[in-house]
Structure formats: structure tokens, C-alpha cells
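# Summary of structural features
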Amino acid sequence: MDETKHSCRWILSMALVIIAVLAFPGCGPRTTAVDEGNANQTLYITVGAEPENIDPHVVSGVPEHHIITSLIEGLVAEDPRDLHVVPGVAESWEVSEDGLVYTFHLRDDAMWTHGRAVTADDFVQSFRRILTASLGSTYSYMLFPMKNAEEYLNGTITDFSEVGCRAIDDRNLEITLKEPTPYFLSLLNHYTWFPVPMDVVKKHGDPYLPGNRWTLPGNFSGNGPFKLESWEQNNKLVVVKSDTYWDSDTTRLNSIVFRPMEKSTSAEAAFRTGQLHNIYNLPQDFIAIYKRDFPEVLHMDPHLAVYFYRFNTTREPLNDPRVRKALAMAISRQEIVDNVAKAGQPPALSMVPPDCAGYTSRARIEENIEQARKLLADAGYPNGEGFPDVELLYNTDEGHRNIAEAIQQIWSRNLNINVTLDNQEWKVYLDSQRSLDYGISRAGWTGDYPDPNTFLDMWTSWSEQNQTGWSNPEYDRLIREASNELNPETRYEYFQKAEEILADEMPVMPIYFYTRVYALRPEVKGWYSNHLDHHPWKHIYLEP
């Protein structure tokens, strides 16, 4: 279809919908960012909020993941179509017969952007850094499959040479696991396992304390397909093609401009006016419009992720599991999906998405208003009487606000209680969750790898991602047993029993399983739908 005709039709339809006529690329002589980007291979994209940081050892969010993977590469990488493991910094590897020892052979031409070769010791020292307690990483537990990693973090051992990683020489790295881990190679694609150039990090502060300034433009060095050119807080972060990357011939984009946009309506307007190649999350009220008028740019992909609320179990009345269960039982998830989320998301009655690596949860939340009212009365709040003020925290986004308002109304209608809404910018919101400075908090979790463990080990007492104040020794034991179990059926049974505890004590309230609903301009090529929403940047290109 002719782009000019398509763009004008778009404006006319959107004008009828939102009572405004906005310019769109192709209509008239104005050149937009997208026009220029298509001509010079510059991708203009938003991945949501302003990144908290781009240090892979201190962040925990999805926006940060998308940016970091353009700048740093781990031992392995992902195929762009189905995400199967392919060589990264390691060009090959072997696994011992018992599944415990992995030997990685690093390629000779893997380089940091400041001109030094990537070595096996870079990985060893990076693992030591993220496992050093003073750094305060909330994701360090991702390395716990490695022998003695957990023990080093908690101080049980103090000699890092006892941890299961060693540089045989500059080009060969050995990692020893405490137990065979079937998904270990996929786990290496998570940024917690990425290397950082410790010689650079040390120049800009203590490498084992937060707040190091090595990630600022002019300081940063990476080993990925792109390098950091500029970062204007709350405006844009720009990366450009790296000429030191070992596979630079594959990289076709010259640059990527990451634009932080917490409000999905702002991203939609920027997309429609030619300032972006994508809408990271299509606003709920626009889904039907795009389905009808612009199906060629609309994507609705299955996603290995869950939308849920955390309960701060250290605060009254949420320290009472009867209250938490009442709140979880009193809502209709199908009502929320049909009337608010509007993208066909499956309602979530458990934390693990169905058929996750062949695992489907047995323990499920019962939606039962009468039983919810009884539980609330048993907790001392008959018909909601005397129920104290509780705040529901969410990060800035119209979609999160709409869901929070809907649940606020449902709880008022079904339980006769009132909760107040608290909207915070992304970085402040993350800090509030970590410090337990909230009552109820909106959250989402995307699987780090296709296995139920990625949705369940975060609720252990040792996980920095827990952030509910809740712990249960039996739950911890079951998750540990599952991590050590080789028989898949027995392992999954440990998970089932752990989920029964979650469902009974309810520190978290699952709401729905995600469907990724976004818009992407047809000029963007090399982008393939997948269950983790990972799109290796070196394979992306623009075709006007």
C-alpha cells in the first residue's frame, strides 16, 4: 500500500476517534524522526520508563534489560526467532557428563569499547562483584545455581576462590554448578550474568558499592553490538553501532534512540506523529481502534509474564492472611480483563502461567465474594467496618491507573472497604517497593527463562525481589528441594506444594497473564514475536 495514502487514512480515522487532527508521516512535506531514521538506519523506540541505571549488576527492570542488551553481551546470546541459545562471547562450550561443569571458550575478537580484549577473568570478577553484599544487588540470587554463590553472598564463605567459577586462562572459563540445572544456558542470557569491565568500573568509584559513575556517557565501556553515545535523563538515551564488536558485520542499524515514556498515551501520540517506530504498550482505549483500522501495525503476542499486586505483610491489616485472601477472592479477574485491560489476557488464578515448560499450577485462587466477606469478618472487619486506610501504589501509566481504579471500585462494592491510590514515577516506585513503603503495590513479572522456578523462587526469604515482608520456611525448603531435584515430575511436585502455600498465605495477588499489546511500524525488520519479548538488536534493521 502506498505509505502516503495509508498515513492520511490513519489521521482521518484517529481524528474521528479523539477529536483531533494530528500530522503523520507521509501527509505533507514535513520530515519526521521516523522518516530520517528509515533513511539512515536509526531506530526510534521506547521501552517504557526512564531506566533506573544501565549497570547490569544493580538493575532489576524490563526497560533496563532492553537497553543493556544493546550495550553488553554475555557468554551466550539468543536466536532472534525462537530465542534458542547461540554463541555470544563464548564461541563454544562443553558440559561434563554429570551436568555440573561448563567450560566456555571465549572468542579472540571479543573486545570492550575502550579497546581491551574481553577475558575469562572479566566474568570471574563480574560474578564476584554482583555477589558482594555491599553492592546491594536485588538480582544476585540469579547466580545461585553456581556452586557456593549463595554462601559467598551471605558470608558463609569469604574466599571467592571457593565459588564455582575460575579463569583457566584468558580465553577459557569454567563454571561449576551446585546441582545440574537444565535451563542454565538460557539463564546466562540474563543481564546478571553479563560481564562489566572492572578496570573501567574502578576508575569511577568503589566497584562494590552502589552509585558508581562508570555508566555515564564518556565513562561507559561495553562489549555489545552498540556503544553508549549520550544519555539525557528523561529525554533520550542514544547508542551507536560499535566498530569493536566481534560480529559488527551483522549489525545493520547505525543507532538506536531510546525514548523514555511512562505514559502510553504519550507514546501513542509520538508513534502517530512519526516520532517513534513503536508503541511499547498500546493504551487500552486504543486497542479496538487499531484492531479495526491498523491491524498491520498491531501486535498481540503471548507473553511469559504475570500482572499482580504485592501485599506488604508487615503492615496492618495486611499482616493477616485472611485479609489478603479476602482481597484476592473478592475481585473478578475476567471483569477486569474484559472491561479494563481489553486485550484478551488470561485471568491469573496462580502466579505461574499455564503450561510453563509443561507445568500448570494446581493451586488456584477461588473467586468467591461471600467467602471473601466471611474472611474479612473473621479478621475483625464485618461488612468492612473499621477497616483502616490502605494505599494502593502503582507506577505512572494510564493502564495501571485504570486497573487500580477498577479494583478499588470492586473492593468498595464487594467488601465495603476503601483504598486510596498512590501514583509514583518509576524510580521512586521501585524504591518504595524495596523499602516496603507501601500497603499494596502493582507489579508485573516477566519470566527470565522458560521454567516455573522463575516465578516461584522470587518469594523465598533470600530473594531481593520478594519485597513483601513475607517468608515461610517450608516454602523455602520446597524451592530448594526443587532446585536440587533431577527428576522433572518430582521437581514439579515440589513447585505444586510451594504454590499451595502461596495460595493459602497470599503475599501476592495474581490478576492476569500478560498479552504483549504493542504497535510496530512495518519498516522495522528482523523483529519476531516470542514469549519473552526479547529482540536481539543486532538483527534489527529498517526497510523503508
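Residues numbered from 1 in each chain as written. Predicted model: local features only at pLDDT ≥ 70, side-chain atom pairs only at ≥ 80, totals over all residues. Heavy atoms only, no water.

Let us look at the overall build of the protein chain. Along the protein chain, the regular secondary structure elements total 17 helices and 18 strands. Taken over C-alpha atoms, the radius of gyration comes to 24 Å for the protein chain, in line with the 24 Å a tight globule of 544 residues would show. For the C-alpha atoms alone, the extent of the protein chain along its principal axes is close to 70 × 65 × 40 Å. By residue count, 60% of the 544 residues in the protein chain fall in the buried class. Here the analysis covers contacts within the protein chain between residues at least 6 apart in sequence; of these, 69% occur between residues at least 24 apart. For the protein chain, the accessible area works out to roughly 21000 Å², and carbon and sulfur atoms hold 47% of it. Both charge centroids of the protein chain, one from 48 positive and one from 77 negative side chains, sit 4 Å from each other. (Helix = DSSP H or I, 4+ residues; strand = E, 2+ residues; numbered from the N terminus. Rg over C-alpha atoms; globule rule 2.2 N^0.38 Å. Buried < 20%, exposed > 50% of the residue type's maximum accessible area, 1.4 Å probe, protein only. Contact = heavy atoms within 4.5 Å. Areas by Shrake-Rupley, 256 points an atom, 1.4 Å probe, with all protein chains shown as cover. Lys, Arg positive; Asp, Glu negative; His and termini not counted. Charge placed at Lys NZ, Arg CZ, Asp CG, Glu CD.)

Taken together, six strands build an open sheet; the order of strands is E11-E16-E12-E15-E13-E14 and the sheet is mixed. At either end of the open sheet lies a strand with only one pairing partner, and these are strand E11 (278-279) and strand E14 (419-424). Two strands pair when backbone bridges link them, and strand E13 (residues 390-395) and E14 are joined in this way by six bridges, in the parallel orientation. Along E14, the bridge assignment pairs Tyr 394 with Asn 423. (Pairing = 2+ DSSP bridges.)

For the bond from Glu 316 to Pro 317, the omega torsion is 0°, close enough to zero to count as cis. In the Ramachandran plot, Gln 41 falls in the positive-phi region, its phi being about 60° despite a non-glycine side chain. Along the chain, Gln 41 turns up in the loop between helix H2 (33-40) and strand E1 (42-45).

Time to look at the nonpolar core. Ranked by size, the top nonpolar core spans 106 residues in total, and within it Leu 75, Phe 104, Met 146, Ile 175 and Trp 193 carry the most contacts. Here this core takes six residues from helix H17 (residues 488-505), the largest share from any one element. With sequence-adjacent residues up to four places away left out, Phe 104 is seen in contact with Leu 75, Ala 90, Ser 92, Trp 93, Arg 171, Asn 172, Leu 173, Ile 175, Phe 184, Leu 185 and Leu 188. By size, the runner-up hydrophobic cluster in this structure holds 42 residues, among which are Val 323, Ala 330, Val 340 and Met 506. (Core = buried A, V, L, I, M, F, W, Y, C linked by side-chain atoms within 4.5 Å.)

Summarising burial for E13: five of the six residues are buried, a large majority. Of the crossover connections in this fold, the one passing from E13 over helix H13 (residues 398-415) to the parallel E14 is right-handed. Two elements, E13 and strand E15 (residues 440-446), share two bridges in a ladder whose sense is parallel. Paired with Leu 393 across the bridge in E15 is Ser 441. (Right-handed = clockwise from strand over helix to strand, strands pointing away.)

This part covers the packing of helix H12 (residues 369-378) against H13. Put simply, H12 and H13 touch, their axes get as near as 10 Å, and they point 80° apart. Between H12 and H13, the interaxial angle falls into the category roughly perpendicular. Counting all contacts with H12, which are made through Ile 369, Ala 372, Arg 373 and Leu 376, the residues of H13 involved are Arg 413, Asn 414 and Leu 415. Each residue belonging to the contact of H12 with H13 can be placed in one class, and the counts come to four nonpolar, one polar and two charged. (Axes fitted to C-alpha atoms, helices over the stretch in contact; angles between N-to-C directions. Parallel < 35°, antiparallel > 145°, perpendicular 65-115°, else oblique. Nonpolar A, V, L, I, M, F, W, Y, C, P; charged D, E, K, R; others polar.)

When you line up the elements, Ala 270 lands in helix H8 (residues 264-272). Given the relative accessible area of 8%, Ala 270 is considered buried.

Turning next to the pattern of salt bridges. Side chains that differ in sign of charge can pair as their charged atoms come close. Under the counting rule described, the total for this entry stands at 27 salt bridges. Its salt-bridge partner being Asp 320, residue Arg 322 comes within 2.9 Å of it at the nearest N-O pair. Exposure remark for Asp 320: the relative accessible area of 15% places this residue in the buried category. One salt bridge connects Arg 434 with Asp 431, and the closest N-O pair in it is separated by 3.5 Å. One end of the pair is Arg 434 and the other is Asp 431, both in helix H14 (residues 426-434) and three residues apart, which spans about a single turn. What makes Arg 434 partly exposed here is its relative accessible area of 29%. (Salt bridge = Lys/Arg side-chain N within 4 Å of Asp/Glu carboxyl O.)

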